[in-house]
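Per-entry structural report
One letter stands for each residue in the lines below.
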Amino acid sequence: MKLARRVRGIAAVALAVACGDGGSREKSVVIASGGDADVIVPLLWAQSQARVYTELMFDKLADIGMSQVSVGDAGYEPRLARSWSWAPDSLSITFRLDPNAHWHDGQKVRASDVQFAFDLFTDPVVASGAGADMRQIADSVTVADSLTATVWFKARSAEQFHSIAYNLVPMPEHLLRDVPRDSLRTSAFAKHPIGNGPFKFVAWEKGVRFELAAFDAFARGKPKLDRVVFTIAASAPAAARAVFAGDADFIETVSLDDLAEAARHPEIAFQRIRGFEYGFLSFNLHAGGTPAPHPVFGDAGVRRALTMAVDRAALVKNVHDSIGVVAVGPFSRQQWSADTTLRVIPHDVAGAERLLDSLGWTRSGAGTRAKAGRPLAFAISVAATSRARVRYAELMQQSFAAIGAKVDIEQLDPPALAQRLGTHKFDAALFTWRTTPSPAGARQTWGTKAWRPGSPFNAGGYASAVFDAQVDSGLSARDVAQGKAHFRLAYQAAIDDAPAIWLYEPLIIAAAHRRVVTGPMRPDAWWQSIASWDVTAPAARAASGSGTQQ
Amino acid sequence: MLRFALERAGQTVIVALVVVTLAFALIHAAPGDPFSPSPDDPPELAVARERVRQTYGLDRPVVAQYGLMLANFARGRFGESFSEARPVGEVIAAVLPRTALLMAPALIIGVTFGTLVGTWQGRRAGRRRERIVGVATLAVLSMPEFLVGLLASIVFATRLNWLPATGMQTADLANAGGLPAVADVLRHLLLPGGTLALAIAAMVARYQRTSAIEAYGEEFVRAARAKGVSEGRVAWVHVLRRTAGSLCALIGLLLPAMVGGAALVESVFGWPGAGSTLLRAVSSRDYPLVIGLVLVGSVAVCISSALADAAAQLANPRARVKA
Amino acid sequence: MAAVRQWFRALPFTSRVASAVLALLALSALAAPWWAPYDPNAAIPAGSTPLDAPSAAHWLGTDAAARDLLSRLMHGTRVSLATALLAGTIVLVVGAAWGGIAGMASDRVDRWMMRFVDAMLATPRLLIVLAVVAFTERLPVSGLALLLGLTAWPMTSRLVRARVRELRATDYVAAARALGTPEPQLLTKHILPGALPVALVGAVVAMASVIPLEAGLSFVGAGVAPPNASWGVLLHDGSVRPLDAWWLLLFPSVAIAATVMSVSVLADHLQRRIRTAA
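This is a predicted model, so every value here is computed, not measured. (Residues numbered from 1 in each chain as written. Chains lettered and ligands numbered in written order. Predicted model: local features only at pLDDT ≥ 70, side-chain atom pairs only at ≥ 80, totals over all residues. Heavy atoms only, no water.)

Right, let's get into the overall build of chain C. Within chain C one finds eleven helices and zero strands. Shown N-terminal to C-terminal, the secondary structure of chain C runs as helices and strands in the order α-α-α-α-α-α-α-α-α-α-α. Referenced to the eigenvectors of the C-alpha coordinate spread, the extents of chain C come out at roughly 75 × 50 × 30 Å. Evaluated residue by residue, chain C yields a buried proportion of 53% over its 278 residues. Restricting to contacts in chain C with at least 6 residues of sequence separation, those with at least 24 account for 72%. About 12,500 Å² of surface is accessible on chain C, with carbon and sulfur atoms providing 69% of the total. (Helix = DSSP H or I, 4+ residues; strand = E, 2+ residues; numbered from the N terminus. Buried < 20%, exposed > 50% of the residue type's maximum accessible area, 1.4 Å probe, protein only. Contact = heavy atoms within 4.5 Å. Areas by Shrake-Rupley, 256 points an atom, 1.4 Å probe, with all protein chains shown as cover.)

Let us now look at the environment of A234(A). Residue position: A234(A) is located in the loop between strand 10 (227-232) and helix 8 (236-244). A C-alpha to C-alpha distance of 8.6 Å links A234(A) and S33(A), two positions 201 residues apart in sequence. Not counting residues within four places of it along the chain, the set of residues in contact with A234(A) comprises G34(A) and R280(B).

Inspection of every chain in the model, using the stated rule, returns 40 salt bridges over all chains. Note that E205(A) is salt-bridged to R98(B), the shortest N-O span being 3.3 Å. Here E205(A), found in strand 8 (residues 199-205), pairs with R98(B), found in helix 4 (residues 88-123), and the two come from separate chains. On the basis of relative accessible area, E205(A) is assigned to the partly exposed category, the value being 25%. Among the residues examined, R98(B) registers a relative accessible area of 9% and is labelled buried. As a salt-bridge pair, D496(A) and R343(A) come within 2.8 Å of each other at their nearest N and O atoms. Of this pair, D496(A) sits in helix 17 (residues 480-497) while R343(A) sits in the loop between strand 14 (324-326) and helix 12 (349-358), placing them 153 residues apart in sequence. Put simply, E26(A), E205(A), R209(A), E211(A), R227(A) and R98(B) are held in one network by salt bridges that share partners. (Salt bridge = Lys/Arg side-chain N within 4 Å of Asp/Glu carboxyl O.)

All names here are of chain C. Along the chain, A203 turns up in helix 9 (residues 183-219). Counting along the chain gives 54 residues from A203 to G149, while the straight-line C-alpha distance between them is 9.4 Å. Apart from the residues lying within four places of it in its own chain, the contact partners of A203 are G88, V91, L92 and T156.

Turning our eyes to something else, we now look at the interface of chain C and chain B. Contact residues are listed per partner, giving 41 residues for chain C and 48 residues for chain B. Buried area between chain C and chain B, both sides added, is near 3,800 Å², and the carbon and sulfur share of it is 82%. Interface area lost by chain C to chain B is led by L127(C), F135(C) and M261(C), which between them contribute 19%. Where chain C meets chain B, there are two salt bridges. (Buried area = accessible area lost by both parts, 1.4 Å probe.)

Turning next to the sheet that holds strand 10 of chain A. Residues and elements named next belong to chain A. Taken in spatial order, the seven strands line up as 8-9-10-1-11-21-12 in an open sheet, and their pairing is mixed. Edge positions in the sheet fall to strand 8 and strand 12 (268-273), since each has one partner strand and no second. Taken together, the five bridges between strand 9 (residues 209-214) and strand 10 define a ladder with antiparallel strand orientation. Opposite A213, over in strand 10, you have R227 as the bridge partner. Sheet contacts for helix 2 (residues 49-57): strand 1 (28-33), strand 8, strand 9 and strand 10; angle to strand 10, the most-contacted strand, approximately 170 degrees. (Pairing = 2+ DSSP bridges. Axes fitted to C-alpha atoms, helices over the stretch in contact; angles between N-to-C directions.)

A word on the packing of helix 3 (residues 69-104) of chain C against helix 4 (residues 107-122) of chain C. All names here are of chain C. In contact at an axis separation of 8 Å, helix 3 and helix 4 are set at 150 degrees when each is read in the N-to-C sense. The chirality of how helix 3 crosses helix 4 is left-handed. For the pair helix 3 and helix 4, contact is made by W98, I101 and A102 and by D110, M113, M114, F116 and V117, respectively. Of the residues that constitute the contact of helix 3 with helix 4, the class distribution is seven nonpolar, no polar and one charged. (Left-handed = near helix turned anticlockwise from the far one by under 90°. Nonpolar A, V, L, I, M, F, W, Y, C, P; charged D, E, K, R; others polar.)

If you walk through the whole model with that rule in mind, you get 37 aromatic pairs over all chains. Relative to W153(C), the ring of W98(C) lies with its centre 5.2 Å away and its plane at 45 degrees, an arrangement referred to as tilted. Separated by 55 residues along the polypeptide, W98(C) in helix 3 and W153(C) in helix 7 (residues 153-168) bring together distant segments of the chain. Judged by relative accessible area, W98(C) falls into the partly exposed class, the value being 24%. Of the residues examined, W153(C) reaches a relative accessible area of 5% and is grouped as buried. Through successive ring pairs, a cluster of aromatic residues spans Y278(A), F280(A), F431(A), W433(A), W446(A), F457(A) and W502(A). One Lys or Arg, K60(A), reaches over the ring of Y166(A) and ends 4.1 Å from the middle of that ring. Its end group placed over the ring of W112(C), R115(C) keeps NZ or CZ at 4.4 Å from the ring centre. (Phe/Tyr/Trp six-rings, centres within 6.5 Å; stacked < 30°, edge-to-face > 60°. Lys NZ or Arg CZ within 6 Å of the ring centre and 35° of its normal.)

So, on to the pairing of strand 9 of chain A. All names here are of chain A. Of all six residues that make up strand 9, six are buried, and the element is covered over most of its length. Side chains R209, E211 and A213 project from strand 9 onto one buried face, and the interleaved F210, L212 and A214 project onto a second face that is buried too. With six bridges joining them, strand 8 and strand 9 adopt antiparallel strand pairing. Bridge pairing links A203 to E211 in strand 9.

What follows concerns unusual backbone geometry. Peptide bonds are, in most cases, trans, and in most cases residues other than glycine have a negative phi. Residue and element names in this part refer to chain A. We note that D321 has phi near 50 degrees; this positive angle belongs to a residue other than glycine. With respect to the secondary-structure elements, D321 resides in the loop between helix 11 (312-319) and strand 14. The class for D321 is partly exposed, based on a relative accessible area of 42%. Phi is positive for A372, close to 50 degrees, though the residue is something other than glycine. Note on placement: A372 falls in the loop between strand 15 (370-371) and strand 16 (374-375). Given a relative accessible area of 83%, A372 falls into the exposed group.

With that out of the way, let us pick up the sheet that holds strand 13 (residues 277-283) of chain A. Strand pairing in a sheet relies on backbone hydrogen bonds. The paired strands run either parallel or antiparallel. All names here are of chain A. Here we have six strands laid out as an open sheet, ordered 14-20-13-19-17-18, and mixed in their pairing. Across the chains shown, the open sheet's two edge strands, defined by having one partner strand only, are strand 14 and strand 18 (406-412). Direction aside, neighbouring strands of the sheet carry axes that sit 25 degrees apart on average. Across the sheet, helix 11 lies against strand 14 and strand 20 (500-506), angled at about 35 degrees from strand 20, the strand it touches most.

Spelled out as structure tokens, the structure:
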């Protein structure tokens with residue numbers, strides 16, 4: 001019996017000796033993430049982690065800068081395209097490529113790669129969602145010479161440059177020309193992509209790690225880092241734990257609970273990044289999947305009253321404290337269309353009670369209100385996995401109880417919640433939308449046409465002609481000022497109609513080991529800064545345990 | 001022997017069929033759907049998800065889905081994993097070896113350790129020290145394996161920092177190759193493997209104790225002692241040989257019971273094996289992957305325990321298989 | 001009452017401790033709705049702060065959502081024990097029925113019935129349970145108990161079958177048969193009472209295995225769902241900040257370990273009693 005123990009002891013000692021020499025001299029960073037990608041070919045992925053990988057391997061023509069303005073091209077910085085020029089009628093843009101740009105296999109990047117990419121992504125066989133969007137605004141791409149490509153548009157629009165720059169990622173024609181388009185996702189190229197970005201693909205063990213190495217011949221300069229490794233944890237909290245344990249150097253976002261760990265880890269630095277997310281309690285304006293109005297929420301007055309009952313500032317302070325701000329309307333403050341001076345529904349409990357009384361929802365004493373036999377009762381559906389959202393739901397439950405509404409909280413796991421939203425079988429649901437610098441998402445999330453069976457977009461069925469019209473005008477406006485004016489009207493309409501209670505905008509808090517120098521990170525794409533990251537000291541990871549001693 | 005092999009093969013087929021039928025009976029009752037666009041997705045992502053949903057034929061009538069999958073299973077094709085966008089067979093081929101890497105040493109060490117402890121207990125049954133060991137064994141057995149693993153992780157990884165808390169390899173060492181990489185994997189193996197080994201040892205010790213007590217009470221022990229055979233030889237040669245048969249039978253029964261504990265331990269330690277992959281597949285409603293892993297897991301365990309029982313038969317044809 | 005005390009005194013020391021532990025846990029589980037000091041699921045309990053160490057106000061401390069751990073533990077015990085009990089009952093009924101029928105039936109039928117049992121024993125229980133959990137939304141606690149019971153009865157049926165076969169072959173039964181006693185009466189008067197203790201032991205042992213299984217499932221979120229408490233949920237809550245809030249992990253661990261140990265000790269004792277009685 002003791003023999004077995006002794007053998008184990010000797011083995012452990014042998015291991016410790018063998019591990020004496022630490023990792024290599026090269027500069028590497030390990031990034032922890034709570035999820036993995038599905039496909040690592042641009043525009044063909046469905047899981048957002050893939051966006052991180054593909055944007056590191058494939059360069060765009062131009063990319064949005066820290067200003068985060070997606071209208072026109074002023075907010076854009078050259079990438080693969082060294083410069084570009086607009087035709088006088090704005091129906092075409094000509095891009096001139098960097099002559100030093102190369103693919104990872106050594107071939108030069110040519111204008112024909114841009115044309116090929118357009119063909120590829122807009123081909124229905126390839127079935128790319130972003131590609132389909134691109135097809136709606138752009139006609140074709142023509143090639144003047146090996147470094148000049150012109151994109152032809154169907155019409156002018158405020159964000160036409162944005163949609164091309166964001167979506168039209170040049171692809172290596174010489175490698176993909178002969179690959180059958182319907183099996184692109186499972187092709188050899190998809191297993192080992194060749195891009196032109198600052199990092200090239202090395203290895204991918206699905207569910208475990210994803211590895212990139214610096215591309216020496218990168219046109220805009222070789223990255224300072226030699227290697228970037230993504231280590232994939234089972235969940236977001238597990239990923240955070242990996243960073244605290246010293247197994248990883250960086251994580252994009254830490255939760256409220258993790259922040260409390262901060263005190264014990266002086267070697268970890270935190271950085272606040274403005275977020276693009278906003279959370280809200282969405283009311284279902286229709287009765288479970290039918291076009292008939294919801295017995296409680298069909299009346300805008302009731303919705304306004306419920307909004308008045310909630311002290312949003314206090315809620316955000318309670319749940320998010322200093323890492324969140326109160327949301328104003330159906331937008332993120334980071335978007336260029338945002339306006340924080342809009343008139344919001346005030347917190348007024350007495351007013352809420354009066355309003356409900358006047359609408360016929362009466363109660364005796366301190367009980368639940370009722371109107372024509374129907375009690376003022378409903379359920380809030382929320383994802384059980386987010387402690388913050390559950391907390392918001394609980395706090396609102398109390399606020400609503402104070403004005404005579406009986407609320408149940410239904411905690412669901414994400415797929416179940418998604419299904420409820422898709423089938424529109426819910427009363428009220430608390431969730432978030434993650435937006436992009438472009439406010440075009442408003443159409444998809446609150447526009448009348450977005451309310452469709454099977455789709456979780458605009459699941460509450462908000463329908464406002466004013467909102468739709470103003471958003472469309474805002475998106476087709478010529479400049480930011482005009483666009484903002486239209487969006488202001490659109491957002492104000494949405495706030496007044498109260499199809500949801502706009503709750504919070506969380507800040508993103510990134511955590512990085514102090515040895516990693518990240519510099520400022522773009523709120524909509526923190527990973528873009530990796531190309532300029534540096535490390536001040538090699539990792540102590542290979543030594544036993546982790547980098548910290550308790 | 002042939003008859004035994006046929007019986008066991010038949011059993012494996014029954015198990016496979018039952019599992020497959022169960023899986024399909026459940027499919028149409030599933031509410032959550034991984035390819036429904038999630039409210040947390042940016043608009044472009046949600047569109048992509050809807051598109052992939054159609055590709056996988058989730059909108060086909062139930063009966064057509066059933067028939068299609070049954071035919072595919074017979075050919076060894078389990079479809080594509082929703083969350084990993086690659087054939088389920090590929091996923092299983094990737095994760096199953098990692099689980100084997102975890103289970104094999106744990107089994108060997110656990111069984112060895114447990115046998116030694118159990119036999120020692122059989123010799124000194126009833127004495128004070130043996131009773132204490134018995135209580136310790138029972139205590140270990142009474143705790144769920146994942147809890148033991150969790151506590152070990154807290155003590156050795158979080159608090160003392162001697163060993164890594166999660167994962168199979170240190171991220172940037174994976175390509176180093178050679179001895180450092182192997183040593184790195186072994187370091188990551190210590191905690192989860194040790195946890196499982198401990199649990200297995202406790203289980204084996206408990207049964208081996210009873211076996212050993214019985215064996216010690218038999219004629220041949222008295223005869224051996226009378227012949228002047230040393231106590232050590234009596235224990236480690238004669239008694240051990242006598243109990244080998246039922247020990248193998250125990251392992252055969254033990255394997256299916258261990259799978260659950262192993263999967264949870266994998267999850268606690270982030271060991272990227274079949275168990276943690278299954279748990280992840282369950283929570284993300286990745287149907288093809290769940291079905292594939294459950295089926296392959298059941299069949300694998302069936303075969304392993306059949307092998308263990310075969311060893312039992314060989315070791316001692318007259319072994320009394322304890323019910 | 002006096003009979004209980006007498007039975008208690010007759011037990012060996014370990015079994016006495018085990019029974020006492022189980023009685024205490026069962027009592028707290030039963031009394032939870034009335035005796036628990038606080039609401040276990042309260043959103044914002046008045047006056048409590050999150051992550052308080054054990055104190056006079058909160059005997060076992062509070063968790064991250066400022067809920068009293070003692071109350072949650074009492075309710076969690078209720079859920080976990082009820083699950084185990086329900087599963088155990090199913091094991092008893094189904095296992096005894098299957099094993100009894102197989103034991104009394106012809107060799108052929110017996111062989112096929114036992115083949116099915118062997119197949120079920122060869123299939124890892126967790127896999128089956130996970131498959132069902134994956135495809136059903138929010139299994140209620142009773143559903144989970146049902147599922148756990150339905151995957152645990154095979155071992156018991158084996159025990160029962162063996163015992164029934166044994167009993168069938170005894171001289172006693174042969175004599176009764178010779179005297180002309182009809183089969184059904186043989187079954188109910190002689191065989192069933194003899195097989196029942198074995199079935200009971202099997203059910204108790206099954207309960208000892210169901211408890212960790214339920215805890216594991218709830219721990220990974222596939223069993224009892226929050227905010228309801230069960231031991232597995234409490235363990236999960238405790239695993240987030242184990243060094244800071246040690247009480248969140250310690251007390252549920254002790255509860256589980258103590259329960260399973262006590263049940264195992266009692267099962268052992270029962271088994272020994274049966275063997276000596278036979």
